[in-house]
Each structure stands twice: as structure tokens, then as C-alpha cells.
Amino acid sequence: MVSSVAELITERIDAMPAGERRAAQTLIAAYPLIGLKTVAEFSQQAGVSSPTILRFVARLGFQNYPEFQSALQDELAAQLQSPASRTTTTPSLLPASTAPILEAVLENIRETFRHISDRQLADIVTQLAGPKGHVYLVGGRFTDPLARYMAAHLNLIRPDVTHLVGQESLWRDKLIDMGKRDTLLIFDIRRYQDSLIRFAEKAHARGATIILFTDQWLSPIARFARHVIAGRTAVPSAWDSSSALFVAAETVIGALTSKLETEAARRIRAIEDLR
């Protein structure tokens, strides 16, 4: 699978001049729709010149703006695919054995980590290690098990961790306690969950820092997130795979445990003594 435009941006944004970086940030904030507008409309929204937009597109490896837009259109179509559509339109992709699924999952993990920089990981770990804030975790219909798994580990190595469960109204009640010192970690993959998007917007408005684990096509929550882990999820099946995001979550857990080393060890020992 070719790299998504979001993945290409992650690879190359550090080398971009300020104007191109603004174009990249504008695109991510309204992904992918702003890129489907004209060059003039894109440049106006980004606050840069039209030639800057074209240089940005060229830096991503596209020959011209229509080629760039074609890639975004393909991604938008992929975002909107449901399990039903993948079952009926691509029966040849359904494997007779586990080998194709296994190879796709392994490739997803490799490609996911190819686009996660050490700096990005360090920034996320630093955010989660903050001693004064509360960490909230939530996921969607298929991704909430990842949030629950990560919350169970974070609870062992740091205080003030809450996995938001149950009905959306129960999540909203927690908004009153969220502020600028707090972190909201969200898992959301296609087809993106409206309740998570609404919740993220409200948490962002209250000043909470949002960390998003999503797929390579980017949940709309990316516009509110300070940190985004975009994992590969597509496999030859009617269903997306969360394996790469699971490994990414475990990587963050391991790195955070190491950063909190003394505090985490003391907390784990205290918990064991209470059992």
C-alpha cells in the first residue's frame, strides 16, 4: 500500500520551510477536504501564496496538483468504506488461509513505525508523564478495548488515570473536570465515531491536550489533537485490523514506564503489597 498524504507529511514536515509547514498543518486540520479545494482556496485558508501550496505538493512527491487531489480522493473513498462494502466489492481479497492476513498485519506494523519519529514518541511520553494532570482514555466501538488495555497499564505506573466507559452522557459528565493540565487519549478508526468527535471537540475547548491514535486516513479528531499516531489498519478482510495501533500503544506504555522509572517501580510495589 502506498503512503497516505498524511504519512508523507509526517515524513517530511521537519524539512519544510515555514510556509509549507503552515500548508501541511492546515491540511491536517481539515483532512483531506481542504486539499480537494482549488489551489487559491487552499492557499487562502493556509495564509500562504499559491506557489507555496504547489511547492508543498511537490515536496510530498506529486507531479502536480491534480495528482495530489487524486490521491486525496482515493483516501476519502477509503475512509467511507464499510465492512459491508469491502465484503461485497472485494471478495477476491478474502483469504483462504491466514497467511495473507498475517503478512498484511506485519506490513502494517512496519509501515506504522516507519512514520512514527523518536521525537513524536518522546513528546507523547512527556505529556503522559506530567505529574499534575489527569489522563482520560476512550475509544470507539471496536477500539475501546485498546483504551481499556492502555488504561489498565497506566493505572499501574501513574496516578489519576480514568478509562471512560458506558454511555456518551457519562463521558460528557467528566468534561467538567477537564482542564489545561489534563490529557485525553482517544482511539478512533474508520468509520469514525461521531460521539468521539463531539467529545474531543468539547474537551479541546476546555483546554485538554488530545492524543489521537487513528488510521492512516486520519479521524476528524486530528484537527483537535496535539499528537497523532496514524497506524495502518487495512488488511485483506472485511474488517480493519487494530494490531499496529495495539503495538504502538504498547510502545508508549513501555517508554512511559522507563521515563517514570523510580516512581513507577515504587507504585507497582505498593500495589503488589496491597494485594
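Anything mentioned here points back to the structure above.
In this text, all values refer to a predicted model and were calculated from it rather than measured experimentally.

Focus on the packing of aromatic side chains
This model, assessed by the stated rule, comprises eight aromatic pairs. Taking 5.5 Å as the distance between ring centres and 40 degrees as the angle between the ring planes, the aromatic pair formed by Tyr65 and Phe68 counts as tilted. Here Tyr65 pairs with Phe68, and both are found in helix H5 (residues 65-79), just three residues apart, close to one helical turn. Just as Tyr65 is buried, Phe68 falls in that class too. Between Tyr149 and Phe246, the aromatic rings sit 4.6 Å apart at their centres with planes inclined by 35 degrees, giving tilted as the arrangement.

Side note on the packing of helix H2 (residues 18-29) against helix H3 (residues 39-46)
Close contact between H2 and H3 brings their axes to 9 Å; oriented N to C, the two are set at 100 degrees. By the angle between their directions, the pair H2 and H3 is classed as roughly perpendicular. Touching Arg22, Ala23, Thr26 and Leu27 of H2 are Phe42, Gln45 and Ala46, all from H3. Residue composition of the contact of H2 with H3, by class: four nonpolar, two polar and one charged.

Describing the environment of Ala78
Within the element layout of this structure, Ala78 appears in helix H5. For Ala78, a relative accessible area of 13% corresponds to the buried category. When near neighbours in sequence (up to four residues on either side) are disregarded, Ala78 contacts Arg190 and Trp217.

Definitions and limits used
Residues numbered from 1 in each chain as written. Predicted model: local features only at pLDDT ≥ 70, side-chain atom pairs only at ≥ 80, totals over all residues. Heavy atoms only, no water. Phe/Tyr/Trp six-rings, centres within 6.5 Å; stacked < 30°, edge-to-face > 60°. Helix = DSSP H or I, 4+ residues; strand = E, 2+ residues; numbered from the N terminus. Buried < 20%, exposed > 50% of the residue type's maximum accessible area, 1.4 Å probe, protein only. Axes fitted to C-alpha atoms, helices over the stretch in contact; angles between N-to-C directions. Parallel < 35°, antiparallel > 145°, perpendicular 65-115°, else oblique. Contact = heavy atoms within 4.5 Å. Nonpolar A, V, L, I, M, F, W, Y, C, P; charged D, E, K, R; others polar.

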